[in-house]
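If you want the building blocks of each chain, they are given just below.
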Amino acid sequence: MSEIGIGLVGYKFMGRAHSNAWRQVAHFFDVDPAPRLRAICGRDEQATAQAAKQLGWEGYETDYHRLLARDDIQLVDVATPGNTHCEIGVAALEAGKHVLCEKPLANTLEEARRMVEAARKAGTVNMVDFNYRRAPAVQLAKQLIEEGRIGEIRHFRGTYLQDWIVDPEFPITWRLRRETAGSGALGDIAAHVIDLAMFLVGPIAELSATLKTFIKERPVETASTGGSGLQAARGAERGEVTVDDAAAFIAYFENGAMGTFEATRLAPGRRNRNSFEINGSLGSIVWDLERLNELEVFFADDPQGAQGFRTINVTEPVHPYAGAYWPAGHILGYEHTFVNTFKDLLDGVRENRSPAPTFEDGYKVQAVLDAVERSAQSRQWTKPEYELS
Ligand SMILES: NC(=O)c1ccc[n+]([C@@H]2O[C@H](COP(=O)([O-])OP(=O)(O)OC[C@H]3O[C@@H](n4cnc5c(N)ncnc54)[C@H](O)[C@@H]3O)[C@@H](O)[C@H]2O)c1
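Chains are numbered independently. Their residues run from 1 in the order of the written sequence. Residues qualify for local features only when their pLDDT is at least 70, as the model is predicted, and side-chain atom pairs are given and counted only at 80 or more; totals for whole chains, interfaces and linings, by contrast, use all residues. No hydrogens and no water enter the side-chain calculation; it runs on all heavy atoms of the structure.

(A) Here's a closer look at the pairing of strand β14 (residues 283-288). Relative accessibility decides the category of a residue: with a 1.4 Å probe and only protein chains considered, values under 20% of the type maximum give buried, values over 50% give exposed, and everything between is partly exposed. The numbering of helices and of strands both runs from the N terminus, where a helix is a DSSP run of H or I of at least 4 residues and a strand a run of E of at least 2. In terms of burial, β14 is largely enclosed, as 6 of its 6 residues are buried. Burial along β14 is two-sided: the face carrying Gly283, Ile285 and Trp287 and the face carrying Ser284, Val286 and Asp288 are both buried. Note on pairing: two strands pair once DSSP finds at least 2 bridges between them. Taken together, the 5 bridges between strand β13 (residues 273-280) and β14 define a ladder with antiparallel strand orientation. Within β14, the position partnered with Ile278 by the bridge is Ile285. Hairpin remark: β13 followed by β14, antiparallel, with 2 residues in the connecting loop.

Structural data, given as structure tokens:
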């Protein structure tokens, strides 16, 4: 079996999730090449060295340029805030590396365009980490749709609800600043729903959107404590929140289906409710990340009198990815969505083919995010600009 050297930039939330998946993937799937965890990269030497030790990396770098210069690293994994994706991603592609990039692909459509152009020029393998596509239940939903089990799709109803900034005293971390995050709930979580919608239903043709910032000022994060974008300590000084707290839009897909989308980080009690319901002419499908092993289905061709929603526990050996893990009913978790994603990425490397969602797919999601911002500003129906020129 051959090996591929991995270099990971970022060591906090996604740094941990990705390290775990790189460590686990060859334990469950027959991957060739198998990943070798060469180096993790961060700017703070002490914290990066500690992360390397805890997360299972052979070594570390404190400057991503040094990571890119290494011949023993062939794949670079970008798990840093959105304002760095274009710079690091393009440099990695120019250094001839395969690149996995966290979502959303970039902070602006222009940056995303530059990343697609660099990827085309490099000819290496690229992928965006929209990991929820690879929950087995979401893959089953895709199969059922393709088999025609729910007929012609009429409605996609997607919501991504969180509550971690409901306290007005939660400080301004990078996720609450436009210059680092690009946008708020929109790019952070609506992006996932948009990717799922386009994966399951198809391209969005036009939309009408609104964005809202309810809490306009918050304490500034203290430099001494830092913290991840989801946890931080507050200082006495207050600053302006420059991103949306919530995003909502209605849309038409190119195939004529209607979509409604809502994302907020201000929904008390909704910790991480990434969910969708799809209604077709012959049935419906429902999924919720907080119960990720389950797919609720309704089929109009079930016998009359026995019709109703039923819940499939998507852990059978016949289900996508599930057979690689445990016996039926032994459920999977959040982390397995990353393991499954990296399995497909390694297959892509072997076959010299970029697995979906590629940078071009990530660009299309970015075009929808961009259309949402333009529509919210103009209060007009707006079309995403998918053309790459
Ligand atoms: N796919 C998912 O489910 C998912 C979940 C959470 C976050 N994300 C995405 O992952 C990315 C990172 O988010 P996170 O939650 O891990 O954030 P985080 O704040 O927990 O970690 C960010 C990391 O990036 C490092 N970093 C920041 N700027 C850097 C720079 N200029 N050079 C090198 N390192 C730098 C930080 O030191 C830290 O290690 C974002 O794009 C986010 O949208 C994806």
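After that view, the rundown keeps rolling.
(B) Focus on unusual backbone geometry. In the segment running from Asp32 into Pro33, the intervening peptide bond is cis, with an omega of 15°. Mapped onto the elements, Pro33 comes out in the loop between α1 (13-28) and β2 (34-41). The omega torsion across Ala356 and Pro357 is -5°, close enough to zero to call that bond cis. Note on placement: Pro357 falls in the loop between α9 (334-351) and α10 (359-378).

(C) Examining the sheet that holds strand β7 (residues 153-161) more closely. The 8 strands are arranged β8-β11-β12-β7-β13-β14-β15-β16 in an open sheet whose pairing can be described as mixed. The outermost strands of the open sheet, each flanked by one partner alone, are β8 (204-212) and β16 (310-313). Sheet twist, expressed as the mean angle between neighbouring strand axes with direction ignored, is 15°. Where strand β11 (residues 246-253) meets strand β12 (residues 258-264), 7 bridges bridge the pair, whose relative direction is antiparallel. Between N-to-C directions, angles span 0 to 180 degrees; the directions come from axes that are lines fitted to C-alpha atoms, helices contributing only their stretch in contact.

(D) Molecular detail of the packing of aromatic side chains. Between the rings of Phe, Tyr and Trp (Trp by its six-membered ring), a pair exists once the centres lie within 6.5 Å; its type follows the angle of the planes, with under 30 degrees stacked, over 60 edge-to-face, and the other angles tilted. Per the stated rule, a full pass over the model turns up 18 aromatic pairs. An angle of 45° between the planes, with centres 6.3 Å apart, marks the rings of Tyr132 and Tyr334 as tilted. In this pair, Tyr132 sits in the loop between β6 (126-128) and α6 (136-146) while Tyr334 sits in helix α9, placing the two residues 202 residues apart along the sequence. Assessed through its relative accessible area of 4%, Tyr132 is described here as buried. Here the aromatic residues Phe156, Phe249, Phe253, Phe261, Phe276 and Trp287 are joined through ring pairs into a cluster of three or more. The ring of Phe199 is capped by Lys142, whose NZ or CZ atom sits 4.7 Å from the centre of that ring. Here, a charge over a ring means that NZ of Lys or CZ of Arg falls within 6 Å of the ring centre while also lying within 35 degrees of the ring normal. Here Arg149 stacks its cationic end above the ring of Phe299, 3.9 Å away from the centre of that ring.

Purely geometric numbers; function is a separate question.
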